[in-house]
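# Breakdown of the fold
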Amino acid sequence: MTLDPLLAVIEVSAIFVSAISGLIEAFRKRMDAVGVFAVAFVTAFGGGTLRDLLIDRRPLFWVQHQGYVWLVLALTLIAPPLLRATRHHVVDRLLQVTDALGLGLFAISGASLTLAAGMPVIIVTLMGVVTGVFGGVMRDVLCNEVPAVFQDHQPYALCAFCGCWVFVGLNGIGAESWLAFLAGAGTASGLRLAALAGGWRVPPWPPDREG
Amino acid sequence: MTLDPLLAVIEVSAIFVSAISGLIEAFRKRMDAVGVFAVAFVTAFGGGTLRDLLIDRRPLFWVQHQGYVWLVLALTLIAPPLLRATRHHVVDRLLQVTDALGLGLFAISGASLTLAAGMPVIIVTLMGVVTGVFGGVMRDVLCNEVPAVFQDHQPYALCAFCGCWVFVGLNGIGAESWLAFLAGAGTASGLRLAALAGGWRVPPWPPDREG
Amino acid sequence: MTLDPLLAVIEVSAIFVSAISGLIEAFRKRMDAVGVFAVAFVTAFGGGTLRDLLIDRRPLFWVQHQGYVWLVLALTLIAPPLLRATRHHVVDRLLQVTDALGLGLFAISGASLTLAAGMPVIIVTLMGVVTGVFGGVMRDVLCNEVPAVFQDHQPYALCAFCGCWVFVGLNGIGAESWLAFLAGAGTASGLRLAALAGGWRVPPWPPDREG
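Residues numbered from 1 in each chain as written. Chains lettered and ligands numbered in written order. Predicted model: local features only at pLDDT ≥ 70, side-chain atom pairs only at ≥ 80, totals over all residues. Heavy atoms only, no water.

## A short note on the environment of Val146(A)
We count it as follows: Numbered from the N terminus, helices here are DSSP runs of H or I no shorter than four residues, and strands are runs of E no shorter than two. Any pair of residues with heavy atoms lying within 4.5 Å of one another is described as a contacting pair.
When you line up the elements, Val146(A) lands in the loop between α7 (121–142) and α8 (148–151). Other than its neighbours up to four places away in sequence, Val146(A) contacts Asp140(A), Gln151(A), Lys29(B), Met31(B), Leu142(B), Cys143(B) and Asn144(B).

In structure tokens:
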């Protein structure tokens, strides 16, 4: 597929951005170099690893692509200038856009692997969302915080969820697999970007007046 | 087995009650709809999922019974009136009784699957307890609390533990499997109900004067 | 191998010491007997269990050696006098030395199992470190703390990491497996003991002036 080089660039960038979000959180907690690496690693690979454990798929993503492990090690070593750079407005915006693209890519990759394993569609969409968001959940658990994705009221998991349903739906009506993949990932990433641009909010649940 | 419809009712009710305990905890943490669903889901299925990972059993319980995933999704959507209802004394008492029945059912189901996998009896009882209580442990970890089951000094895991030994013991002396199941689940649920009724306490360990 | 009895003694001692570190932490959190056992168990076996899940190895270490489960149960029962004893300076020092020996043994055991599973060297070293330190990480997550190994600025995971590279390097140049094992474990344990004796520190990352 001629899209492969583009997808590889998005994948590397998305791992890079996830790892950086781990670096930032670990830095805030005043961790040492070991903690910074561990949290960056878990943020980047935790979602895919949990999915692989749940659907019993081996080798794990990062065992298969060991270059990515070296990438996170290298990122940890250059964390000091990296973290300074993330304080610039332009860099921060770039990280958000890359993260949104990565969310779509990872969610639909996860959904796709689960579909290939023959699981029912509700499980396929759940696994897509798990792949996209559980790295961040594990980061927050290791940093002793309530997971931001459950509590910051910004649409993130929901964007992945919608993208997964688009993917599953197009597959269900027999669309080409590359089309279903692109439409699903595009929906997830597009919704995430729109949510960021528009400041969309997920309400507390139950909503306040019920509380 | 003629008990099957009854067991199915208990199973659905127990999942329902576990999910509600997740809803309540997530609501206390001011989570959004995504967090409420995730915590409810993990509370309902976390214990069985951990057991299945540890004994390498697939498909996972909730992959096999995908209806239960839809049940938790539906529960999340109707959380506002549900949570209002749980504030009534009668409903609260009903939840406790259902939870006690579910504890017995889940613990002995977990023990039974582990026994069928040919594991030693100490592992069988541990897996029974894990199935019964680790959903709640994961709920508390995600909500950034010390797990209540480790710290609230109410007999819960211990009730499951005793029930599992009754199940294992009756199996060991060659009792019919349905009898062992019922006696084990009855012991666990009965002890839990007695503990609730009598206000039994598990001491801190080591006990205070040693502290 | 004539070293086997010695290794068995170190293994039992290391499990014993890990479990005690769990007992101490659970006691600090005022847990009940159930929590104390659960935290001791997870501290002792969590790292190896995570490794086995990740490399898909069964039966799990503690399922294979069920005697160790009984050991942790027995330790929990005698926790009151045990915890009193750990307050003596000599006992505390003994625990640190035993823990350092256990770190080397467990890290290189984990690396060795991963190497035998045919994984690449970076994964082998990572799994060695995971085996050595993730029991403590899980202990701290269950006790609702930021994992000490990520934040206390004492060399621990790094000692295991260095030992694993020595093991992998010696294997790579075709050394006898017992020699690679001993040299790796000796490096990890020796570095840990030197770090304790010399009060070595791991810097926060990025270092302060970058903060």
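The structure having been displayed, the exposition proceeds.
## Focus on the relation of the copies chain B and chain C
Our working definition: Superposition of the copies was done by least squares, using only C-alpha atoms of residues whose pLDDT is at least 70 in both.
Superposition record for chain B on chain C: RMSD 0.0 Å, screw rotation 120°, translation along axis 0.0 Å. Such a combination of rotation and displacement between the chain copies is what one expects of a three-fold axis. Residue Asn144(B), judged by its C-alpha, is the member of chain B lying nearest the rotation axis, at 3.8 Å. By residue overlap, the copies meet through two different surfaces: only 12% of the interface positions of chain B are interface positions in chain C.

## Side note on the interface of chain C and chain A
When the parts of a complex come together, some accessible area is lost, and that lost area is often used as the size of the interface. This is how it is decided: When two components associate, each loses some accessible surface as probed by a 1.4 Å sphere; the sum of these losses over both components is called the buried area. By definition here, a salt bridge exists when the distance from a side-chain nitrogen of Lys or Arg to a carboxyl oxygen of Asp or Glu is within 4 Å. Classification used: nonpolar for Ala, Val, Leu, Ile, Met, Phe, Trp, Tyr, Cys and Pro, charged for Asp, Glu, Lys and Arg, polar for all others including Gly.
Each side of the interface is counted separately: chain C has 34 residues, and chain A has 35 residues. Both sides together, the interface formed by chain C and chain A hides about 2800 Å², and carbon and sulfur atoms give 69% of it. With its nearest N and O atoms 3.7 Å apart, the salt bridge here joins Arg58(A) to Asp56(C). Among the secondary structure elements, those contributing two or more residues to the side of chain C that touches chain A are α2 (33–55), α7 (121–142), α8 (148–151) and α9 (157–172) of chain C. In terms of residue count, α7(C) provides more of the side of chain C that touches chain A than any other element does, six residues in total. Split by residue class, the side of chain C that touches chain A holds 24 nonpolar, five polar and five charged.

## Concerning the interface of chain B and chain C
Quick reminder of the rule: Under the rule applied, a polar contact is a pair of N or O atoms within 3.5 Å (in protein, one hydrogen donor and one hydrogen acceptor; residues adjacent in sequence only if both atoms are side-chain atoms).
Each side of the interface is counted separately: chain B has 34 residues, and chain C has 35 residues. A combined buried area of about 2800 Å² lies between chain B and chain C, and 69% of that area is made up of carbon and sulfur atoms. The three residues of chain B that bury the most area against chain C are Ile122(B), Phe150(B) and Trp205(B), which together make up 26% of that side's buried surface. The interface formed by chain B and chain C contains one salt bridge. Taken together, the connections running from chain B to chain C amount to seven residue pairs in polar contact (both at pLDDT 80 or more).

## Re the relation of the copies chain C and chain A
Note on the identical chains: chain C maps onto chain A by a rotation of 120° and an axial translation of 0.0 Å, with an RMSD of 0.0 Å. Of all interface residues in chain C, a mere 12% are interface residues in chain A too; the two copies therefore contact each other through different surfaces.

## A look at the packing of helix α7 (residues 121–142) of chain B against helix α9 (residues 157–172) of chain B
Residues and elements named next belong to chain B. Definition in use: Note on method: axes are straight lines fitted to C-alpha atoms, helices fitted across the in-contact stretch only, with angles between N-to-C directions ranging 0 to 180 degrees. The scheme is simple: roughly parallel for angles under 35 degrees, roughly antiparallel for over 145, roughly perpendicular for 65 to 115, oblique for anything else. Take the far helix as the reference: if the near one is turned anticlockwise from it by less than a right angle, the crossing is left-handed, and if turned clockwise, right-handed.
Look at α7 against α9: their axes get within 9 Å of each other, and the N-to-C directions meet at 140°. Between α7 and α9, the angle falls in the class oblique. The two elements α7 and α9 meet at a crossing, and its hand is right-handed. For the pair formed by α7 and α9, the contact residues are Val121, Ile122, Val124, Thr125, Gly128, Val129 and Val133 on the first element and Ala157, Ala160, Phe161, Cys164, Trp165 and Val168 on the second.

## Regarding the packing of aromatic side chains
Residue and element names in this part refer to chain A. Condition: Two aromatic rings from Phe, Tyr or Trp, using only the six-membered ring of Trp, form a pair when their centres are within 6.5 Å; if the ring planes differ by under 30 degrees the pair is stacked, by over 60 it is edge-to-face, and anything between is tilted. Relative accessibility thresholds used throughout: buried, under 20% of the residue-type maximum; exposed, over 50%; partly exposed, between the two (1.4 Å probe, protein chains only).
Applying the stated criterion across every chain yields a total of 27 aromatic pairs over all chains. On the numbers, 6.4 Å between centres and 85° between planes, the contact of Phe61 with Phe106 is edge-to-face. Taken together, the residues span a long stretch of sequence, with Phe61 in helix α3 (residues 61–64) and Phe106 in helix α6 (residues 89–116) at a distance of 45 residues. In this structure Phe61 comes out as buried when scored by relative accessible area, which is 16%.

## Observations concerning unusual backbone geometry
Here the residue pair Arg58(A) and Pro59(A) is connected by a cis peptide bond, since its omega of -5° sits within 30 degrees of zero. The topology assignment puts Pro59(A) in the loop between α2 (33–55) and α3. The phi dihedral of Asp56(B) falls on the positive side, at around 60°, and the residue is not glycine. Note on placement: Asp56(B) falls in the loop between α2 (33–55) and α3 (61–64). Asp56(B) gets classed as partly exposed once you look at its relative accessible area, which sits at 32%. Residues other than glycine seldom take positive phi values, yet His153(B) does so here, at roughly 60°.

## Looking at the state of the cysteines
Residue and element names in this part refer to chain A. Note the threshold: Sulfur atoms of two cysteines make up a disulfide when they are within 2.5 Å.
This structure, assessed with the given rule, holds zero disulfides over all chains. Here Cys162 stays unpaired: no disulfide links it, and the sulfur of Cys159, its closest cysteine neighbor, is 6.9 Å away. Exposure remark for Cys162: the relative accessible area of 35% places this residue in the partly exposed category.

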